[in-house]
Amino acid sequence: MRAAIFVPAPDYPEDWDWAYEVEAAVLLRAGFSVEARDWTDPGDLSGFDLVMPLVAWGYHAAPDRWHALLDRLEGENRNVFNPVPLLRWNSDKRYLSELGRRGLSVIPTRIAERLDELALAEARAEYGNELVIKPPISASADGTHRLGADDPLPEESRGRAMMIQPFLRSVAEEGEYSIMFFGGEYSHSIVKRPKAGDYRVQPHLGGSEQACPPPPGAIDLARAALAAAPAKAVYARVDMIRDGSGGLAIIELELIEPALWLQHAPDGGGSFAAAVGSALSKK
């Protein structure tokens, strides 16, 4: 079975090999033939049994190009995992509002289609003075800002569509949990923590991770969120933190290009490869 894994363009500024190599190695051990393809110029994909956007980092910076690729994959009837409708849905974090309307515990989120001082003032009136703003199409903390009570609106964010959320101190005090599912079944969990003095947990910003048991309620919350998505995920990472009341709240569903931290999986990632193989056999 030949698998094409999308990876970043050659000029992508972050190191991505650490994520690709772990996931590719697991698939190779399971008998797949794996080839990395630049997602911005993947070439002819007709010789592959399946395509996975596992490391398609940077898609958020070129959304038109990304959606054109999804249209192409769908038009060519490629076996894509996760399926294209799910990738489209997950490409815009407005899905958090949809999950919230369905009664799931998500981090409170306001959407300002053209962010200005009035939108910030309204959010502070609801959430308190400390806020986080981020683009709804984003990754790797790109365009994300933490704003205190007296911090002005960043000029780069002015007039843009932005999500506004309360800053929750639990991300620095306890960390952000990532719950991994393969083929709809729970696999493993990690907790990610920012470096001292920061709130961002991404590795390229100094964040660290370690394996951990899932906190009580995390598996059920993750499972409910995945059930609310428009298609079944072959692989999924559900990120959550403690809310202001001490409960868990989803901060993001990672269904496109998540680091899956397979090195922390008890089975070494075997269930990930098995889920991919099982989904392919059903095509």
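Residues numbered from 1 in each chain as written. Predicted model: local features only at pLDDT ≥ 70, side-chain atom pairs only at ≥ 80, totals over all residues. Heavy atoms only, no water.

Peer 1: Mind showing me how you'd approach helix α1 (residues 17–29) here?
Peer 2: Within an α-helix, residues lying three or four positions from one another point in the same direction, as the helix has 3.6 residues per turn. Here α1 is 13 residues long and its end C-alpha atoms lie 18 Å apart, about the 18 Å a rise of 1.5 Å per residue gives. If you check which residues of α1 are buried, you get A19, Y20, E23, A24, V26 and L27. Buried residues of α1, viewed axially, fall in a sector of 155°; they line one side. Against β1 (2–7), β2 (33–38), β3 (50–52) and α8 (270–281) lie the buried residues of α1. (Helix = DSSP H or I, 4+ residues; strand = E, 2+ residues; numbered from the N terminus. Expected span 1.5 Å × (residues − 1). Buried < 20%, exposed > 50% of the residue type's maximum accessible area, 1.4 Å probe, protein only. Arc of directions from axis to C-beta. Contact = heavy atoms within 4.5 Å.)

Peer 1: Explanation requested: helix α7 (residues 218–227) in the structure shown.
Peer 2: Of the positions making up α7, those classed as buried are A218, L221, A222, A225 and L226. End-on, the buried residues of α7 take up no more than an arc of 130°, which puts them together on one face. Facing away from the buried side of α7 by more than 90 degrees, the exposed set consists of D220 and A227. Elements in contact with the buried residues of α7: α4 (95–101), β8 (176–182), β11 (235–242) and β12 (248–254).

Peer 1: Got a minute to help me understand the sheet that holds β1 in this structure?
Peer 2: As a general point, the strands of a sheet are linked pairwise by backbone hydrogen bonds and lie either parallel or antiparallel. Strands sit in the order β2-β1-β3 across an open sheet of 3 strands; the sheet is parallel. In the strand order of this sheet, the two ends are held by β2 and β3, each with one partner. Shown here is a sheet whose adjacent strand axes are inclined to one another by a mean of 25°, direction ignored. Relative to β2, β1 runs parallel, the two sharing 6 bridges. Residue pairing in the sheet places R2 in a bridge with S33 of β2. Sitting on the sheet, α1 touches β1, β2 and β3, and the angle it makes with β2 is about 150°. (Pairing = 2+ DSSP bridges. Axes fitted to C-alpha atoms, helices over the stretch in contact; angles between N-to-C directions.)

Peer 1: When you look at the side chain of H188 in this model, what are you seeing that I'm missing?
Peer 2: Mapped onto the elements, H188 comes out in strand β9 (residues 185–193). Engagement of the side chain of H188 in a polar contact is seen with the backbone oxygen of L260, the distance being 3.0 Å. A distance of 3.0 Å separates the side chain of H188 from the backbone oxygen of W261, its partner in a polar contact. Apart from residues lying up to four places away in sequence, H188 is in contact with S178, I179, M180, F182, L260, W261, L262, H264, A265 and P266. (Polar contact = N/O pair within 3.5 Å; in protein donor to acceptor, adjacent residues only side chain to side chain.)

Peer 1: Help me understand the sheet that holds strand β6 (residues 145–147), please; the structure alone is not making it clear to me.
Peer 2: Spatially, the 4 strands line up as an open sheet ordered β4-β7-β5-β6, and their pairing is antiparallel. Looking at strand neighbours, the two that pair on one side only are β4 (110–112) and β6, the edges of this open sheet. Strand after strand, the sheet turns through a mean of 25° between neighbouring axes, direction not considered. For strand β5 (residues 131–134) and strand β7 (residues 162–166), the ladder comprises 4 bridges, and the chain directions are antiparallel. Paired with L131 across the two strands is P166, which belongs to β7. Contacts from helix α5 (residues 117–127) reach β4, β5, β6 and β7, with the element oriented near 25° to β7.

Peer 1: I keep staring at the packing of α1 against α8 and nothing clicks. Help me out?
Peer 2: The description of two packed helices rests on the angle between their axes and on the distance between the axes. Remark: α1 packs on α8, axes separated minimally by 9 Å, with the N-to-C direction vectors making an angle of 65°. Considering their axes alone, α1 and α8 lie roughly perpendicular with respect to each other. Between α1 and α8 the crossing geometry is right-handed. Every residue of α8 that contacts α1 at E23, V26 and L27 is listed here: F272, A273 and V276. Of the residues in the contact of α1 with α8, the class split is 5 nonpolar, no polar and 1 charged. (Parallel < 35°, antiparallel > 145°, perpendicular 65-115°, else oblique. Left-handed = near helix turned anticlockwise from the far one by under 90°. Nonpolar A, V, L, I, M, F, W, Y, C, P; charged D, E, K, R; others polar.)

Peer 1: Quick question: what am I supposed to make of unusual backbone geometry here?
Peer 2: Across residues other than glycine, the phi torsion is negative in most instances, and most of the peptide bonds are trans. Omega for the peptide link from F81 to N82 comes to 5°, which places this bond in the cis form. Within the fold, N82 resides in the loop between α2 (63–75) and α3 (84–90). One non-glycine residue with positive phi stands out, namely N77, at about 60°. When you line up the elements, N77 lands in the loop between α2 and α3.

Peer 1: Any chance you could explain the packing of aromatic side chains here in plain terms?
Peer 2: Two measures describe an aromatic ring pair: the distance that separates the ring centres and the angle between the ring planes. Within this structure, the stated rule accounts for 9 aromatic pairs. Taking 6.0 Å as the distance between ring centres and 70° as the angle between the ring planes, the aromatic pair formed by F181 and Y186 counts as edge-to-face. By relative accessible area, which is 27% here, Y186 ends up partly exposed. Through a chain of ring-to-ring contacts, the aromatic side chains of Y12, W18, W57 and W261 assemble into a single cluster. In this arrangement the basic side chain of R2 is found over the ring face of F48, its NZ or CZ atom lying 4.2 Å from the centre. Stacked on the ring of F167, the Lys or Arg R146 has its end atom at 3.8 Å from the ring centre. (Phe/Tyr/Trp six-rings, centres within 6.5 Å; stacked < 30°, edge-to-face > 60°. Lys NZ or Arg CZ within 6 Å of the ring centre and 35° of its normal.)

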